[in-house]
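Structure assessment
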Amino acid sequence: MKAFGAMRVGGLLLAGGQSRRMGGGDKCLLQLGGRTLLEHARSRLEPQVECIALNANGALERFDAFDLPILEDVVEGFAGPLAGVLTGMRWARENHSHLTHIATAPSDTPFFPRDVVARMCAAAMESSVPLACAASNGRTHPVFGLWDVRLADDLERALRDEGLRKIDIWTGRHGVAHADYDAGDFDPFFNINEPHDLHEAGALLQRLDAHG
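These numbers were taken from a predicted model, which means no experiment stands behind them.

With that settled, the discussion passes to unusual backbone geometry. Phi angles above zero are rare outside glycine, and aspartate 67 is one such case at about 50°. Within the secondary structure layout, aspartate 67 lies in the loop between strand S4 (52-56) and strand S5 (70-71). The backbone of serine 128 sits at a positive phi, close to 55°, despite the residue not being glycine. By the secondary structure assignment, serine 128 is in the loop between helix H3 (116-127) and strand S7 (131-136). Assessed through its relative accessible area of 66%, serine 128 is described here as exposed.

Here it is as structure tokens:
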């Protein structure tokens, strides 16, 4: 059982976008070093949380082989990452009522830290706020987030009634702490948006493998 103080955290991999910069399709199903990007992300997030699900839209049977709960956005119209967050919150409250938070990670970021959930929890507890996100080199990464599930109703109102889409606007209303990382030789939150990023990720994977 994973617990961080009084926090009980479930995980949500985000793959609900349209991947326009990659030419459409499922970016998370692209191969990197013989595994899909989704598998890379799952292998990093799953050990950090109590349970895990995937947020995706469209024909969900294409993810059958992954043996994961697949959650469609509860707000229609590709409303962005906040719609995925809300979907994860609802899943947690309806299926895992003991969870206090969900932690999200995008499925196109294959090298993110294996302690990011613990560090977001620590940052939130230290600052006494309900939300946290990762940061590196002075830049925040809002989709790497820790979300208090008690805020689900407020988030749904913001999405449906206000049409809010920007993560930072909503998190700023409630208080968000930052789990800061020194990027060092490379930024572990490097994500794959365009075809050349996949090539760069392949070279980085080889370099990391060579160093154990």
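There is more to say after this.
Right, let's get into the packing of helix H4 (residues 152-161) against helix H5 (residues 167-174). One way to put it is that H4 packs onto H5 with a least axis distance of 12 Å and a crossing angle of 140°. Of the possible angle classes, the one that applies to H4 and H5 is oblique. Where H4 crosses over H5, the handedness of that crossing is right-handed. Taking contact as the criterion, the partners of Asp154, Leu155 and Ala158 in H4 are, on H5, Trp170, Arg173 and His174.

Further remarks concern the packing of aromatic side chains. Tallied over the entire structure, the rule returns six aromatic pairs. By the ring-pair criterion, three or more aromatic residues cluster together here, those being Phe112, Phe144, Tyr181 and Phe189. Across the ring face of tyrosine 181, the terminal group of arginine 119 is positioned such that the distance to the ring centre comes to 3.8 Å.

Below, the discussion takes up the pairing of strand S6 (residues 101-106). Extensive coverage of S6 is indicated by the burial of six of its six residues. Relative to S6, strand S1 (residues 9-15) is paired through six bridges, and the arrangement is parallel. When the sheet's bridge partners are listed, valine 9 is paired in S6 with histidine 101. Note that S6 and strand S8 (residues 139-148) share four bridges and pair antiparallel. Residue pairing across strands places threonine 104 opposite glycine 145, the latter belonging to S8.

Once that is clear, we can look at the environment of proline 106. Mapping proline 106 onto the fold places it in strand S6. Residue proline 106 is classed as buried on the basis of its relative accessible area, which comes to 10%. The sequence separation of proline 106 and glutamate 76 amounts to 30 residues, and the corresponding C-alpha distance is 19 Å. Setting aside residues no more than four positions away along its own chain, proline 106 makes contact with Leu14, Ala41, Val143 and Phe144.

Our focus in this paragraph is the packing of helix H2 (residues 81-95) against H4. Put simply, H2 and H4 touch, their axes get as near as 10 Å, and they point 145° apart. In terms of crossing hand, the pair formed by H2 and H4 is left-handed. Contacts between H2 and H4 involve Leu82, Ala83, Val85, Leu86, Met89, Arg90 and Arg93 from the first element and Ala152, Asp153, Leu155, Glu156 and Leu159 from the second. Partitioned by chemical class, the residues of the contact of H2 with H4 number eight nonpolar, no polar and four charged.

Tracing the backbone shows threonine 36 in strand S3 (residues 35-36). Taking relative accessible area as the criterion, threonine 36 reaches 7% and is therefore assigned buried.

Let us now look at the confidence of the model for the chain. If pLDDT is low for a region, its predicted coordinates should not be looked at in detail. On average, the chain scores 92 in pLDDT, and the residues at 70 or more come to 93%. Confidence drops under a pLDDT of 50 for residues 19-23, and excluding neighbours within four residues, the segment shows 11 contacts in the predicted structure.

Our focus in this paragraph is the pairing of S4. The buried fraction of S4 amounts to five of the five residues, a majority that puts the element mostly inside the structure. The alternating pattern of S4 places Ile52, Leu54 and Ala56 and Ala53 and Asn55 on opposite faces, both of which are buried.

Take helix H6 (residues 195-210) next. Along its 16 residues, H6 runs 24 Å from first to last C-alpha, staying within 8% of the 22 Å computed at 1.5 Å per residue. Among the residues of H6, Asp197, Ala201, Leu204 and Leu205 are the ones counted as buried. Projected down its long axis, H6 carries its buried residues within an arc of 110°, all on one side. Facing away from the buried surface of H6 by more than 90 degrees, the exposed residues are Pro195, His199, Gln206 and Ala210. Structurally, H6 contributes buried residues whose contacts are with strand S2 (31-32) and helix H1 (37-45).

Thresholds, definitions, all that
Residues numbered from 1 in each chain as written. Predicted model: local features only at pLDDT ≥ 70, side-chain atom pairs only at ≥ 80, totals over all residues. Heavy atoms only, no water. Helix = DSSP H or I, 4+ residues; strand = E, 2+ residues; numbered from the N terminus. Buried < 20%, exposed > 50% of the residue type's maximum accessible area, 1.4 Å probe, protein only. Axes fitted to C-alpha atoms, helices over the stretch in contact; angles between N-to-C directions. Parallel < 35°, antiparallel > 145°, perpendicular 65-115°, else oblique. Left-handed = near helix turned anticlockwise from the far one by under 90°. Contact = heavy atoms within 4.5 Å. Phe/Tyr/Trp six-rings, centres within 6.5 Å; stacked < 30°, edge-to-face > 60°. Lys NZ or Arg CZ within 6 Å of the ring centre and 35° of its normal. Pairing = 2+ DSSP bridges. Nonpolar A, V, L, I, M, F, W, Y, C, P; charged D, E, K, R; others polar. pLDDT = per-residue confidence, 0-100. Expected span 1.5 Å × (residues − 1). Arc of directions from axis to C-beta.

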